[in-house]
Amino acid sequence: VAVMGATGDGEARVAVRADALDSRLRLPACGGPLAAEAPATAKGGRVTVEVRCPATQAWRLFVPVRVTVTRTVVVAARSLARDAVLAPGDIQLAERDVSSLPYGFLPAADLALGRQLRRGLAPGDVLTPALVAEPVVVRRGQAVTLEARGQGLRVAMPGIARGEGAAGTRIPVENARSGRIVQGVVRDGGTVEIRLD
C-alpha cells in the first residue's frame, strides 16, 4: 500500500512483488500493526520499503520490492518514417509497464494526432513527448506573404522564408522587395507575421 500510494497515478494499475527475505532473519513478533514507508518519488522499478514495528519490541527492516506500473499509452500502429504527420491509422493505444519508460509516454491519442515525428518508429514503439513536435508548415526557400501588423495597420508583401518552422514559431524571412531579412512568427503555411507595436 505504501508503494502504491507513492506512485501517485490514479490511471495506472500497480503490482508490487517483494523479494524473499533472508531465511536466517529472526525478528520478534510485533505487538501492534506494522508501518511501511516507500520513497516519496517511487514511480516503479526497484524500490526499498522500510517496514517498522512501532511497538515496545521496536525493530525495522528494509525490504526490496519490484513495482510494475501498467497503464494505457500511445504506440505506433505500423512502421512510421521520420517527419510523418500522425493520423488516426498511425497510432493505437496499448498497455505498457511505464516504470520501464525512462523518457516518458503519451497517455492519450489527441496528444499525438496531427503532430510530426522527430524520428522513425517501428510497430509497437511507444511515443514519448520528445518524439513529437508541431508540424513544420513553412520550409526554407518557400515563398510566403510577409504581413506587418500594428495599431490598426496591416501591410502585406511577398517574402522568402530563410528558415523553417511550425505555426507559432519565429523564423527569419527576407522581404522580396527590399532584400531585408526580418524575424516573424509563422501563422500558417503561407503567412509570416511581423508585429509593429
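Provided above is the structure to which this section pertains.
Residues numbered from 1 in each chain as written. Predicted model: local features only at pLDDT ≥ 70, side-chain atom pairs only at ≥ 80, totals over all residues. Heavy atoms only, no water.

Caption draft 1: Highlighting the overall build of the protein. Counting its secondary structure elements, the protein contains one helix and 14 strands. Over its C-alpha trace the protein gives a radius of gyration of 27 Å, far above what one expects of a compact globule, namely 16 Å for 197 residues. In terms of overall dimensions, the protein has a C-alpha envelope of 90 × 40 × 25 Å along the principal axes. Relative to its 197 residues, the protein shows a buried fraction of 35%. Taking the intrachain contacts of the protein between residues at least 6 apart in sequence as the baseline, contacts between residues at least 24 apart amount to 49%. (Helix = DSSP H or I, 4+ residues; strand = E, 2+ residues; numbered from the N terminus. Rg over C-alpha atoms; globule rule 2.2 N^0.38 Å. Buried < 20%, exposed > 50% of the residue type's maximum accessible area, 1.4 Å probe, protein only. Contact = heavy atoms within 4.5 Å.)

Caption draft 2: Focus on the side chain of Glu 193. Mapping Glu 193 onto the fold places it in strand E14 (residues 191-195). Assessed through its relative accessible area of 10%, Glu 193 is described here as buried. A polar contact of 3.4 Å, which involves the side chain of Glu 193, links it to the side chain of Arg 187. Setting aside residues no more than four positions away along its own chain, Glu 193 makes contact with Glu 147, Arg 149, Gly 184, Val 185 and Arg 187. (Polar contact = N/O pair within 3.5 Å; in protein donor to acceptor, adjacent residues only side chain to side chain.)

Caption draft 3: View of the layout of surface pockets. Approximately 160 Å³ is the volume found for the largest pocket. What lines the largest pocket is Arg 82, Asp 83, Gln 116, Leu 117, Arg 118, Ala 133, Glu 134, Val 136, Arg 139 and Glu 164. Here the lining of the largest pocket is composed, by residue class, of three nonpolar, one polar and six charged. (1 Å grid on protein atoms, 1.4 Å probe; cavity = no way out; pocket = protein on both sides within 12 Å on 5 of 7 lines; lining within 4 Å. Points joined across faces, edges and corners; volume = space filled by probe spheres on them. Nonpolar A, V, L, I, M, F, W, Y, C, P; charged D, E, K, R; others polar.)

Caption draft 4: Just the side chain of Asp 90, in detail. Within the fold, Asp 90 resides in the loop between strand E4 (59-76) and strand E5 (91-97). Within the structure, the side chain of Asp 90 is placed 2.8 Å from the backbone nitrogen of Ala 87, a separation counted as a polar contact. Non-local contacts of Asp 90, meaning those with residues more than four positions away in its chain, are made with Val 75, Ala 76, Ala 77, Arg 78, Leu 80 and Val 85.

Caption draft 5: Region of the structure containing the pattern of salt bridges. Per the counting criterion, the structure on display carries 14 salt bridges. One salt bridge in this structure joins Glu 174 and Arg 162, with 2.6 Å as the shortest N-O distance. Of this pair, Glu 174 sits in strand E12 (residues 170-175) while Arg 162 is found in the loop between strand E10 (153-161) and strand E11 (165-166), placing the two residues twelve residues apart along the sequence. The buried category is assigned to Glu 174, whose relative accessible area is 19%. Residue classification places Arg 162 among the partly exposed positions, given a relative accessible area of 32%. Linked through salt bridges whose partners overlap, the residues forming this network are Glu 147, Arg 149, Arg 154, Arg 187, Glu 193 and Arg 195. (Salt bridge = Lys/Arg side-chain N within 4 Å of Asp/Glu carboxyl O.)

Caption draft 6: Representation of the pairing of E12 within the structure. The pairing of E10 with E12 spans three bridges and is classified as antiparallel. Paired with Gly 159 across the bridge in E12 is Asn 175. Relative to strand E13 (residues 181-188), E12 runs antiparallel, the two being bridged by five bridges. Bridge assignment links Arg 170 to a residue of E13, and that residue is Val 185. Between E12 and E13, which pair antiparallel one after the other, the connecting turn spans five residues, and Gly 179 there sits at a positive phi close to 80 degrees. (Pairing = 2+ DSSP bridges.)

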